Structure formats: structure tokens, C-alpha cells
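This is what each chain is made of:
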Amino acid sequence: MILLSGCSSFFEPTAEEIIPEKTENGVLPQKGTVLHLRLDYGPTTKMSVDISFKEYRYRVFIDKELYSYGVVHDYYDDVIDIPLTANDDWYMRSIVVEGSKSLVFTHEYDNVSSDEWEDWHQIYKGVQDRLKEEQPQAYPGLDSATLVFKLGNKILPVTQVKNGTTAALKQFVAKRDYVMDIVYDKSVNRWYIGDQPKMQTVLPPNYLELNETHKAGLYFSQLLGPNPYFFILLKDEHRSYNYSTPIGYFNLEDMDSALSPRELNIPNSTDGFYKTSLTISLE
């Protein structure tokens, strides 16, 4: 019994597959869809004090340009959703998805170094439909448009990061401003927004590696659960857990003061939490 109590399963992805949510005659729809990455995990019993697993990473290319990069940092997410934006142009787009798993077993709060991964291999290749010749663009001028973030009544001085996440966010807010409740937690000196299930079907990740320094700015992130969220770092921070995607970085140096509840004229709070709204729009 003592020996059995020390046994634990080691998990690793044994099969992978991309299943598009929608296709039309084998072609991905022009209006966009969700690519479901399905992973099958196979356990092997070894002597260990806890559960170990091999991480999995994936990346998506649109016309050979990197669109999304994500890491599956657990052993029980068997379906990962990767939102694909609308193709708002008059030519077909090529879509390629590649995958790779770590060479080493790890634990929930451990990190895999950059040289501890298998080589990338292709797991999906397809094409996305285009606009019809007579069909107008749904998002004209979107490439040159700028994301605007307003905290309460104050515009955030954010320099936008160019990646597939911000491209998808632009499409999402092009028709209507998006407003989210946001909370300042005095104990950690950070603004954060709770679960945003809608974003699960809208924004693809473009994760920074763990143990990188995150610059002060706005981030899209995801815990081990299904619902993503946003948070605002008021100063540079070394992050060693929970992968996250940069949306934009602050232009000002002292954001601790500039974005404090006092500076934003938010009423005092007895529990250390200050509430306002974050509005995302285009200009």
C-alpha cells in the first residue's frame, strides 16, 4: 500500500487533430470560424509523488504569417478553441496549423525551456473562402484603425501590439464598442477583468513565454479553466505562471500614479476593491 500510494500517472498527448467548427465543401467559411484542436492524452504509470505531464504548443499561420501561438499548460484540456477571423478580402487565404509537445515531463507550475520541445510538425492545412467579387468589405480600413482603451473616463495611452489577437479584437469592436466591468485590487496594485466567455470564441492567444518580463500594459490571459480575462499591469513585472498575450503597452512611465483610483476619481472603497469600466473601441 505504501508503494501504491507513491504511484502517479504521467500524461502526454498521444494524438492531435484540428476539427473546424464549420466548413463549406471543405473550405473554411469567409466569415470566420473556430478551429477545435483535439488532444488525446495517454497515461503511463510510474513512481512519482504527484502528477506529471508533457506540455503541448501550437501555432497557426495565415498566408505564412504567424496568427496565433498557444501553449496547453495542463493534461486535461482535450479540446482547445482557436478563433479564426473573417477573411475580409477578395482572395483565398491559406491556413496552416502546427503542433509540438515538450520533450520532458513537467508539473502544473513548472516551466519548459525553449530547447525542451520537439520540432514543429504540420497537423492541418486548409483554405479560407474569400469575398465575392461584387461583395463590399465588412471592415474597410481596419488595418490602419487604432484600438482605443478607456478606463472609466480616461483614455489609456497604449501602444498597440500587432498580432493576430489585436487583429481579431479590431474585428470584434468594429461594429460596436465593447464595455467590461473592471476592478482595481489594492492588495496586488493591479486592474483586472473577470471571466469573459465571449472572448473564448473571438480572440486567439499569442502567448509570451513564461519567465519573461511583462511590460506595463494591457493583456489578454487565460487560467487553466475555459474563460479568458483581461488585466492591466501598472509597471513591469516578471511573470512565471499563467501564459498571457500582450494587447498594448503603456507610453507613460509612472502608470501607478496615473491610473490610481484616486487619479481616476473613483470613490473610496472599504474592502480595497475599486470598480469602474473598460471600454474598447476603434478610431
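As shown above, the structure is provided for reference.
Residues numbered from 1 in each chain as written. Predicted model: local features only at pLDDT ≥ 70, side-chain atom pairs only at ≥ 80, totals over all residues. Heavy atoms only, no water.

The next point concerns the overall build of the protein. When its secondary structure is counted, the protein shows 3 helices and 19 strands. By residue count, 50% of the 283 residues in the protein fall in the buried class. Relative to all contacts within the protein whose residues are 6 or more apart in sequence, the contacts with residues 24 or more apart total 73%. When the accessible surface of the protein is split by element, carbon and sulfur atoms take 49% of a total near 14,900 Å². (Helix = DSSP H or I, 4+ residues; strand = E, 2+ residues; numbered from the N terminus. Buried < 20%, exposed > 50% of the residue type's maximum accessible area, 1.4 Å probe, protein only. Contact = heavy atoms within 4.5 Å. Areas by Shrake-Rupley, 256 points an atom, 1.4 Å probe, with all protein chains shown as cover.)

It is worth spelling out the pairing of strand β7 (residues 93-101) at this point. Counting buried residues in β7 gives 8 out of 9 residues, a clear majority hidden from the surface. Sheet analysis places strand β4 (residues 56-62) next to β7, joined by 7 bridges and oriented antiparallel. Paired with Phe-61 across the strands is Val-96, a residue of β7. Relative to strand β8 (residues 121-128), β7 runs antiparallel, the two being bridged by 7 bridges. Residue pairing across strands places Glu-98 opposite Gln-122, the latter belonging to β8. (Pairing = 2+ DSSP bridges.)

Counting 54 residues, the largest nonpolar core has Leu-37, Phe-149, Leu-156, Leu-169, Trp-191 and Phe-230 as its most contacted members. If you look at the next biggest cluster of nonpolar residues, it comprises 7 residues, including Val-112, Trp-117, Tyr-207 and Leu-210. (Core = buried A, V, L, I, M, F, W, Y, C linked by side-chain atoms within 4.5 Å.)

In this section: the side chain of Ser-244. When you line up the elements, Ser-244 lands in strand β18 (residues 244-250). Given the relative accessible area of 1%, Ser-244 is considered buried. Within the structure, the side chain of Ser-244 is placed 2.8 Å from the side chain of His-214, a separation counted as a polar contact. In contact with Ser-244, other than residues within four places in its own chain, are Asn-206, Tyr-207, Leu-208, His-214, Tyr-219, Phe-220, Ser-221, Phe-231 and Arg-239. (Polar contact = N/O pair within 3.5 Å; in protein donor to acceptor, adjacent residues only side chain to side chain.)

Take the sheet that holds β4 next. Ordered by their spatial adjacency, 4 strands build an open sheet running β5-β4-β7-β8, and the pairing between neighbours is antiparallel. Each edge of the open sheet is held by one strand with a lone partner, namely β5 (65-72) and β8. Taking the axes of each pair of neighbouring strands and ignoring which way they run, one obtains an average angle of 15° across the sheet. Here β4 runs beside β5; their pairing, made up of 7 bridges, is antiparallel. Residue Arg-59 lies in a different strand from β5, and its bridge partner there is Tyr-69. (Axes fitted to C-alpha atoms, helices over the stretch in contact; angles between N-to-C directions.)

Moving on, we come to the pattern of salt bridges. For the structure on display, the rule yields 4 salt bridges. Residue Arg-190 is joined to Glu-237 by a salt bridge in which the shortest nitrogen-to-oxygen separation is 2.8 Å. Here the residue Arg-190 occupies a position in strand β13 (residues 190-193), and Glu-237 occupies one in strand β17 (residues 237-238), the gap between them amounting to 47 residues. Overall, Arg-190 belongs to the buried group, its relative accessible area being 17%. Classification of Glu-237 by relative accessible area gives partly exposed; the value is 22%. Salt bridges sharing common partners tie together Arg-190, Glu-237 and Arg-239. (Salt bridge = Lys/Arg side-chain N within 4 Å of Asp/Glu carboxyl O.)

Turning our attention to the side chain of Asn-206. The residue Asn-206 is located in the loop between β13 and β14 (213-214) in this model. A polar contact of 3.0 Å, which involves the side chain of Asn-206, links it to the backbone oxygen of Tyr-67.

Tallied over the entire structure, the rule returns 9 aromatic pairs. Sitting above the plane of the Phe-105 ring, Lys-54 keeps its charged end 5.2 Å from the centroid. Taking the ring centre of Tyr-249 as reference, the NZ or CZ of Lys-215 above it sits at 5.4 Å. (Phe/Tyr/Trp six-rings, centres within 6.5 Å; stacked < 30°, edge-to-face > 60°. Lys NZ or Arg CZ within 6 Å of the ring centre and 35° of its normal.)

With that settled, the discussion passes to the environment of Ser-68. Its place among the elements puts Ser-68 in strand β5. With a relative accessible area of 0%, Ser-68 lands in the buried category. Along the sequence, Ser-68 and Leu-84 sit 16 residues apart, while their C-alpha atoms lie 9.3 Å from each other. Apart from the residues within four sequence positions on either side, Ser-68 is in contact with Tyr-58, Arg-59, Val-60, Ile-82, Pro-204, Pro-205 and Asn-206. Only 2.8 Å separates the side chain of Ser-68 from the backbone oxygen of Pro-205, close enough to count as a polar contact.

For Asp-63, which is not glycine, the phi dihedral falls at a positive 50°. Judged by its relative accessible area of 29%, Asp-63 is partly exposed. The phi angle at Asn-189 is positive, at roughly 55°, despite the residue not being glycine. For Asn-189, the position within the fold is in the loop between β12 (178-185) and β13. Note on Asn-189: relative accessible area 24%, which makes it partly exposed.

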